[in-house]
Amino acid sequence: MNDTRQDLVDIIVLILLKYKKNKDGQIKEILQTALRRVEVFLPIDISEAANNMANQLNIPSLYNFTWSDQKGKSRMNDPKRSIFHWEHFKPIKQQISELVSLPEITQDAVAKVIFDNKICWILKEENRKLDRIAKSYRPDPNKAYEKASIRLMGIKTQNRYI
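Residues numbered from 1 in each chain as written. Predicted model: local features only at pLDDT ≥ 70, side-chain atom pairs only at ≥ 80, totals over all residues. Heavy atoms only, no water.

Applying the stated criterion to the full structure yields 5 salt bridges. Close ionic contact of glutamate 48 with arginine 151 constitutes a salt bridge, the shortest N to O distance being 2.9 Å. With glutamate 48 in helix 3 (residues 48-56) and arginine 151 in the segment after helix 7 (141-147), this residue pair connects regions lying 103 residues apart in the sequence. You can call glutamate 48 partly exposed: its relative accessible area is 29%. For the salt bridge of glutamate 87 with arginine 138, the shortest nitrogen-to-oxygen distance reads 2.5 Å. Highlighted residues: glutamate 87 in strand 2 (residues 84-88) and arginine 138 in the loop between helix 6 (124-134) and helix 7, separated in sequence by 51 residues. A single burial state applies to glutamate 87 and to arginine 138, both of which are buried. (Salt bridge = Lys/Arg side-chain N within 4 Å of Asp/Glu carboxyl O. Helix = DSSP H or I, 4+ residues; strand = E, 2+ residues; numbered from the N terminus. Buried < 20%, exposed > 50% of the residue type's maximum accessible area, 1.4 Å probe, protein only.)

Spelled out as C-alpha cells, the structure:
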C-alpha cells in the first residue's frame, strides 16, 4: 500500500474509533467525507449505456474522467450533471455500516472495507432505477446492478493513485 493510501486508512481508523465511541453526527460527516476521498484510489467502471451516450456526444473515454471533471468547461459536456452519474458501487452508507460493524478496528480490516469497491459512471436514468432497488445499502452490488439492468464494461485502474 502506498503512503497516501496508508495515511488515509490511518485517518479513517482514528475517525471510526471516535465515531464508534459517541456516534456524533459531525464525526459521521467527517467519516463520510474521508470515505469520499478514497475514490481517487478506486478503479473505474462504466455502464454500456453511459459509454454509448459518451460516444454519441463525442466524449472521450469516461475512464479518463472523475466527478470533478464533469462540471465546468470539461470535455464531458455535462455541466449540470444531468446525463452522467458518478456512483459508488458500494454506497458510502453501506461502507459506514460495515466499518461500524467490524468486531475489531484494525488497519487491515478498514482497508479491506474501503478498498473493496469501485466507482461507476452510469447514466442518471440508470441511477434512478438503481436507487429504487437499493439506494444506500447493497449487500450484493452485482445483483442490484443486474436487477436495474445496468451492464458494466469492466474496471480500469485509471485513477492517479492506483
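Moving on from the coordinates now.
So, on to the environment of threonine 66. Mapped onto the elements, threonine 66 comes out in the loop between helix 3 and strand 2. Assessed through its relative accessible area of 14%, threonine 66 is described here as buried. Separated by 3.1 Å, the side chains of threonine 66 and serine 68 make a polar contact. (Polar contact = N/O pair within 3.5 Å; in protein donor to acceptor, adjacent residues only side chain to side chain.)

Put simply, helix 2 (residues 25-37) and helix 4 (residues 92-100) touch, their axes get as near as 10 Å, and they point 115° apart. Classified by the interaxial angle, the pair formed by helix 2 and helix 4 is roughly perpendicular. The way helix 2 lies across helix 4 gives a crossing that is right-handed. Between helix 2 and helix 4, the residues in contact are Lys28, Leu31, Gln32, Leu35 and Arg36 and Ile92, Gln95, Ile96 and Leu99, respectively. When grouped by side-chain class, the residues that make up the contact of helix 2 with helix 4 number 5 nonpolar, 2 polar and 2 charged. (Axes fitted to C-alpha atoms, helices over the stretch in contact; angles between N-to-C directions. Parallel < 35°, antiparallel > 145°, perpendicular 65-115°, else oblique. Left-handed = near helix turned anticlockwise from the far one by under 90°. Contact = heavy atoms within 4.5 Å. Nonpolar A, V, L, I, M, F, W, Y, C, P; charged D, E, K, R; others polar.)

Such coordinate-based values are descriptive only and should not be taken to indicate function.
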